[in-house]
Amino acid sequence: ASLARAALTLCSDLDRPVELGVLGGLSATSYAAELREALAHADHHPIRVSAVAESIAAMAGLIDTVDDLVLGGWAFDDLETASDEARAEAQERGREAASLGIAALLPVSIGRTGAEAIVRADADSLFRRIGHPREIGVFGTLEECQDRVIALAHAGITDLRCIVPRAPDVHD
């Protein structure tokens, strides 16, 4: 209730929409539902609720309560298949599939060259824990990354949430 009140105040003060993101396994389902109920009376701008699905089971539970389902690249071997499964599950539950946003949470490393992208990604210890952008994210030169993003869009990913390297620019 406190978070909902704060979000409604922020939304009113900014005079623009706000999105709240929920993270946390299967408990995210009940928390997102409670948050959605507390926000049901947003008059001016609707507040969007998104949640990170850490598994297929968590994904299925969140479909009824969130505006955007966020799929972590490290949790799903194939984001395209997971996106299809989420939309199919939404339709099975009576929800219009187009009303469910499917976002991908991905590590990203873009460089002027492939070598620069590698240096940036290798310098960030977070990528050693969640996965290298080359394997599970958006990686390479600008043109290569554009191709990957276009492929994700064609697969039904409507939004990207990017984890960028905490590394300074690499100087030639």
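Right above here is the structure, for reference.
How each quantity is defined
Position numbers for residues count from 1 along each chain, tracking the sequence in the order it is written. Residue-level local features of this predicted model are given only where pLDDT is at least 70; pairs of side-chain atoms are given and counted only at 80 or more, and the full residue set underlies all totals for whole chains, interfaces and linings. Calculation of side-chain values draws on the structure's entire complement of heavy atoms; hydrogens and water are dropped beforehand. Put simply, DSSP marks the helices as runs of H or I at least four residues long and the strands as runs of E at least two long, and each gets a number from the N terminus on. The classification of residues rests on relative accessible area computed with a 1.4 Å probe and restricted to protein chains. Under 20% of the type maximum is buried, over 50% is exposed, and intermediate values are partly exposed. Using the Shrake-Rupley algorithm and a 1.4 Å probe, accessible areas are obtained, with residue cover drawn only from the displayed protein chains. For the charge count, each Lys or Arg is scored as positive and each Asp or Glu as negative, with His and the chain ends excluded. Here the site of a charge means NZ on Lys, CZ on Arg, CG on Asp, or CD on Glu. Nine residue types can take part in a nonpolar core, namely buried Ala, Val, Leu, Ile, Met, Phe, Trp, Tyr and Cys, and a core is a set of them joined through side-chain atoms within 4.5 Å. Throughout, a contact is declared for two residues whenever any of their heavy atoms are within 4.5 Å.

Caption draft 1: Spatial organisation of the overall build of the protein. Counting its secondary structure elements, the protein contains 8 helices and 6 strands. Order of helices (α) and strands (β) in the protein, N terminus to C terminus: α-β-α-β-α-β-α-β-α-α-α-β-α-β. Oriented by its inertia axes, the alpha-carbon framework of the protein measures out at about 55 × 40 × 25 Å. A burial count over the protein gives 43% of its 172 residues as buried. Total accessible area computed for the protein in this model is approximately 9400 Å², and 54% of it derives from carbon and sulfur atoms. A gap of 5 Å separates the mean positions of the 15 positive and 28 negative side-chain charges of the protein.

Caption draft 2: Structural view of the nonpolar core. Ranked by size, the top nonpolar core spans 34 residues in total, and within it L62, L69, L71 and L100 carry the most contacts. Not counting the four nearest positions on each side in its chain, L100 is found in contact with I63, V66, D67, L69, A86, R87, A90 and R95. Counting 8 residues, the second-largest nonpolar core is a separate cluster that includes L105, A121, F127 and I163.

Functional significance is not addressed by these values, which are geometric in nature.
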